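# Coordinate analysis (summary)
Okay, here's what each chain looks like letter by letter:
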Amino acid sequence: MNDKKIITAIINQDEQMLAFVLQKYSKLLWRIAASILINAASVQDVEECIADVFIYLWQHPEKYDPNQAKLASWLSIIARSKAIDRYRQIIRKRELPIEEIVAESLGYAQAPVIDEEKEKLLSCIGELGGRDRDLIIRRYYYEQKPAEIAVALDMPRKQVENRLYYVRQKLKKMMER
């Protein structure tokens, strides 16, 4: 099927044609987005990025010009652009100081965290043992899911979740003294 017919069908709101395009180009777009997001994002972020590409195609099919490029090339450019935008968004979010991220997760950030509390929290995190500190940093700074942490640290997922719970309790007690 040629690209002009595909776009014409999508302009006419043909959902079956969109499903066809989704099936035909998903793997290609996945490789493009994943290559950009591999070290910064989760699988869910890559999936959302690809979904954004197909949503864009559905909402703006008239922006594709079959005389300029093939549909695969056009979708690839959109996927690359969306992945770069998501990467920048993730990096910007990670630039928050770890003290603020952990303080927020522990409930200390209802009001802006003052420098004294930040220093105290950072000191408390520094006092944690190596594995506990690694768990907190991976979970709240890098925003890794417990399943991702479990794979990285070669631990059962349930053990990661339990350990995170106990480490958070320990940090709360350390902050209270």
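Source: prediction; values computed, not measured.

## Regarding the environment of Ala 72
- You can see Ala 72 is positioned in helix α4 (residues 71-94).
- On a C-alpha basis, the gap between Ala 72 and Asp 3 in space is 8.9 Å, while along the polypeptide they are 69 residues apart.
- Setting aside residues no more than four positions away along its own chain, Ala 72 makes contact with Tyr 25 and Leu 28.

## Quick word on the pattern of salt bridges
- Tallied over the full model, the rule gives six salt bridges.
- For Arg 86, the salt bridge goes to Asp 45, with nearest N and O atoms at 3.8 Å. Pair noted here: Arg 86 is in helix α4 and Asp 45 is in helix α3 (residues 43-59), with a separation of 41 residues, a long-range link. Each member of the pair, Arg 86 as well as Asp 45, carries the same accessibility label: buried.
- Of the charged contacts in the structure, one is a salt bridge between Asp 52 and Arg 86, with a shortest N-O distance of 3.0 Å.

## A look at the packing of helix α8 (residues 146-153) against helix α9 (residues 157-176)
- Packing of α8 against α9 leaves a shortest axis separation of 8 Å and a crossing angle of 110°. In terms of axis orientation, α8 runs roughly perpendicular to α9. For the pair α8 and α9, contact is made by Pro 146, Ala 147, Ile 149 and Ala 150 and by Arg 157, Val 160 and Glu 161, respectively.
- Per-class residue counts for the contact of α8 with α9 are five nonpolar, no polar and two charged.

## Re α3
- Helix length check: α3 (17 residues) gives 24 Å between terminal C-alpha atoms against 24 Å at 1.5 Å per residue, within 8%.
- Within α3, burial applies to Asp 45, Val 46, Cys 49, Ile 50, Val 53, Phe 54 and Leu 57.

## Considering the nonpolar core
- Core analysis: the largest hydrophobic core is formed by 29 residues, its most contacted members being Val 21, Leu 29, Leu 57, Leu 71 and Leu 75.
- Of all the secondary-structure elements, those providing two or more residues to this core are α1 (3-11), α2 (15-37), α3 and α4.
- Here this core takes nine residues from α2, the largest share from any one element.
- Excluding its chain neighbours within four sequence positions, the residues that come into contact with Leu 57 are Ile 7, Ile 10, Leu 18, Val 21, Trp 74 and Leu 75.
- Formed by 17 residues, the second largest nonpolar core is a distinct cluster that contains Ile 149, Leu 153, Leu 164 and Met 174.

About the cut-offs
- Sequence order as written defines the numbering, with residues in each chain counted from 1.
- For this predicted model, a pLDDT threshold of at least 70 governs which residues receive local features, and a threshold of 80 or more governs which side-chain atom pairs are given and counted, while totals over whole chains, interfaces and linings are taken from all residues.
- Calculated side-chain values reflect all of the structure's heavy atoms, with hydrogen atoms and water omitted.
- Strands are runs of DSSP state E lasting at least two residues, helices are runs of H or I lasting at least four, and both sets are numbered from the N terminus onward.
- Every residue pair with non-hydrogen atoms within 4.5 Å of one another is taken to be in contact.
- The term salt bridge refers to a pairing of a side-chain nitrogen on Lys or Arg with a carboxyl oxygen on Asp or Glu at a separation within 4 Å.
- For the exposure calls, accessible area comes from a 1.4 Å probe over protein chains only, and a residue counts as buried if that area is under 20% of its type's maximum, exposed if over 50%, partly exposed in between.
- An axis is simply a line fitted to the C-alpha atoms; with a helix, the fit covers only the stretch in contact. Between two such axes, the angle follows the N-to-C directions and lies from 0 to 180 degrees.
- Here the angle decides the label: under 35 degrees means roughly parallel, over 145 means roughly antiparallel, 65 to 115 means roughly perpendicular, and every other value means oblique.
- Three categories are distinguished: nonpolar for Ala, Val, Leu, Ile, Met, Phe, Trp, Tyr, Cys and Pro, charged for Asp, Glu, Lys and Arg, and polar for the others, with Gly belonging to the last.
- In a helix, the anticipated span is given by 1.5 Å times the number of residues less one.
- We call a set of buried residues a nonpolar core when its members are Ala, Val, Leu, Ile, Met, Phe, Trp, Tyr or Cys and they connect through side-chain atoms within 4.5 Å of each other.

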